[in-house]
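# Summary of structural features
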Amino acid sequence: RPFHVEPTNIVSVNDDMQRVTDEASAMNKRIHYYSRLTSPADRALIAPDHVLPAPDEIYVYSPLGTAFKVDSCTDGYGKNSSIVTIFMIWNTMMGTSILSIPWGMKQAGFTSGIILILLMGILTLYCCYRVVKSRKMIPLIDTSNWEFPDVCKYYFGSFGQWSSLLFSMVSLVGAMVVYWVLMSNFLFNTGKFIYNFFHYINVTDIVPGTNGSNKVICPSAASGHPPQNRSVMFSSGNNTGFELFEEWWNKSQTVPFYLIVVLLPLLNLKSPSFFAKFNVLGTVSVVYLVFLVTVKAARLGIHLEYNWFTENDFFVPEFRILFPQLTGVLTLAFFIHNCVITLLQNNRNQENNVRDLSIAYFLVGLTYLYVGVIIFASFPSPPLSKECIEQNFLDNFPSDDIMSFVARIFLLFQMMTVYPLLGYLARVQLLRQFFGNAYPSVFHVLVLNVAIVGAGVAMARFYPNIGGIIRYSGATCGLAFVFVYPSLIYVISLHRAGQLTWPTLIIHIFIILLGLANLIAQFLL
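A brief look at the structure comes next. This is a predicted model, so every value here is computed, not measured. (Residues numbered from 1 in each chain as written. Predicted model: local features only at pLDDT ≥ 70, side-chain atom pairs only at ≥ 80, totals over all residues. Heavy atoms only, no water.)

In terms of regular secondary structure, the protein chain is built from 16 helices and four strands. Relative to its 525 residues, the protein chain shows a buried fraction of 56%. By sequence separation, contacts in the protein chain at least 24 residues apart represent 78% of the contacts at least 6 residues apart. For the protein chain, the accessible surface area stands at approximately 23000 Å², while carbon and sulfur atoms represent 67% of it. (Helix = DSSP H or I, 4+ residues; strand = E, 2+ residues; numbered from the N terminus. Buried < 20%, exposed > 50% of the residue type's maximum accessible area, 1.4 Å probe, protein only. Contact = heavy atoms within 4.5 Å. Areas by Shrake-Rupley, 256 points an atom, 1.4 Å probe, with all protein chains shown as cover.)

Next comes the structure, spelled out in structure tokens:
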């Protein structure tokens, strides 16, 4: 007797088969992506033989200084909803640059700072579109598992491969150096707060500042370099003990070296997966910073005066020649171009990629704009000058400020968990290229990690200016990944297809020249 199948059952079977096919495809892409982050001998990010990666666990690593894990997706088959995709992009771009945005606005001028944030957001978003479309413009080749460095290698050969590695290392090492400087800063202020609290010491910094409960200070007023931990004690306690503490707990001379004891062993671990569990703190830190900025502004009020081209004792002009310092910071602040393909390939509805990317960029720009505008506008001028806004705006609040203390604790712990992940990425990208193995030996890994840590300690000791480090590294890696490669690849692909027009060529040459001018200006201003 022939087996009779109802039409409804056929539909159900076909749906189940399609779901299984989609799930297997998603898992294969995920396994392929994880395996690309490490060598075959290093199984830190390779699925074990007996376990397939759970489709609702997605790790996203970014060389910007952020790394996070999305623990749940809206479906169970390795695909993300648009909301999750937008959040992933926003969270990946929210790095250390947010701390320097108010300083950048001060360097550029308030009005020009707002304009530059909007223009740089639009420009970097357009270049990001070009990155997303780049692999789809390659004919007759399956590029579904390609990343942007693969596209660069296709168009530019070994030069594209090695140059993309070089600029990726610039962004990674630059982020790690900034992290070391900030961790030294946060650890110093945290230790100072705890020591003074438990020893009942009332200390005031030898810097100008406002009076009252909402104190704002100007650490760089007395000298042109970042402040040291000079202070005066107003208590009748043990002065000798306090002076000894001041000697051994110094922001630039001792604290950067203390971090070596904790972080250098962590960098030598083969697998960094344990630290990814804590990186949700990155989101918590950004949300708390926005909350802190809002509360401080509500208490301090708005202090603005519009001087379009002239400068006085308390306010800066609306337009300043130093504006490239802000564009350098913003290049790194909006930099996601070398990992955006990975972030978007798991979007459930691929036709929404452009829309979701645009929304994410809008939210990132809005966050930067909010923090920058609120800090600049609420900075108390007079009695302090707007020139007092520090490269890390938390430095404008004294170490005994409770809200700033909590922010520093959050950021310190978050950065100490992200730092080993960044070191792991640097190790994978560099050592695998030269030795074919991300962990060729303990000696190779130790030498690389000592070099990276040494760079961080040296910067924290002699050049602890995070705004300067961010703008230099941002303009350098941005020249390749934001301005040059996306534009050149788009022009070449159109030329090969016979669709290149003069207006398109002129526009993209202009974009490349902007990136080059942005880099050159960092060394001239």
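The next point concerns the pattern of salt bridges. Applying the stated criterion across every chain yields a total of four salt bridges. Put simply, Glu387 and Arg320 hold a salt bridge, and the shortest N to O gap is 2.8 Å. Remark: Arg320 occurs in the loop between helix H9 (281–300) and helix H10 (324–333) and Glu387 occurs in the loop between helix H12 (353–378) and helix H13 (402–435); sequence separation between them is 67 residues. Owing to a relative accessible area of 28%, Glu387 belongs among the partly exposed residues under this scheme. The shortest N-O distance in the salt bridge between Arg355 and Asp356 comes to 3.0 Å. (Salt bridge = Lys/Arg side-chain N within 4 Å of Asp/Glu carboxyl O.)

With that settled, consider the state of the cysteines. Scanning the model with the defined rule gives one disulfide in all. A sulfur-sulfur separation of 2.0 Å characterises the disulfide bridge that pairs Cys218 with Cys388. The chirality of the disulfide connecting Cys218 with Cys388 is left-handed, given an S-S dihedral of about -80 degrees. With Cys218 in the loop between strand E3 (203–205) and strand E4 (231–233) and Cys388 in the loop between H12 and H13, this pair connects stretches of sequence that are 170 residues apart. Accessibility expressed as a relative area gives 9% for Cys388, which makes it buried. (Disulfide = S-S within 2.5 Å.)

For the rest of this paragraph, the subject is the environment of Ser168. Turning to its location among the elements, Ser168 is positioned in helix H5 (residues 148–198). A residue is classified by how much of its surface remains accessible, and Ser168, at 6% relative accessible area, is buried. As for Ser168 and Asn338, which are separated by 170 residues in sequence, their C-alpha atoms are 8.0 Å apart. If sequence neighbours within four positions are ignored, Ser168 has contacts with Asn338, Gln429 and Phe481.

Once that is clear, we can look at the packing of helix H4 (residues 110–134) against helix H16 (residues 502–524). Between H4 and H16, whose axes approach to 12 Å, the crossing angle comes to 120 degrees. With respect to H16, the element H4 is oriented oblique. Considering how the two elements wind past one another, H4 and H16 form a crossing that is left-handed. The residues of H16 that touch H4, namely those facing Leu123, Tyr126, Cys127 and Arg130, are His508, Ile511 and Leu514. Residue classes in the contact of H4 with H16 are distributed as five nonpolar, one polar and one charged. (Axes fitted to C-alpha atoms, helices over the stretch in contact; angles between N-to-C directions. Parallel < 35°, antiparallel > 145°, perpendicular 65-115°, else oblique. Left-handed = near helix turned anticlockwise from the far one by under 90°. Nonpolar A, V, L, I, M, F, W, Y, C, P; charged D, E, K, R; others polar.)

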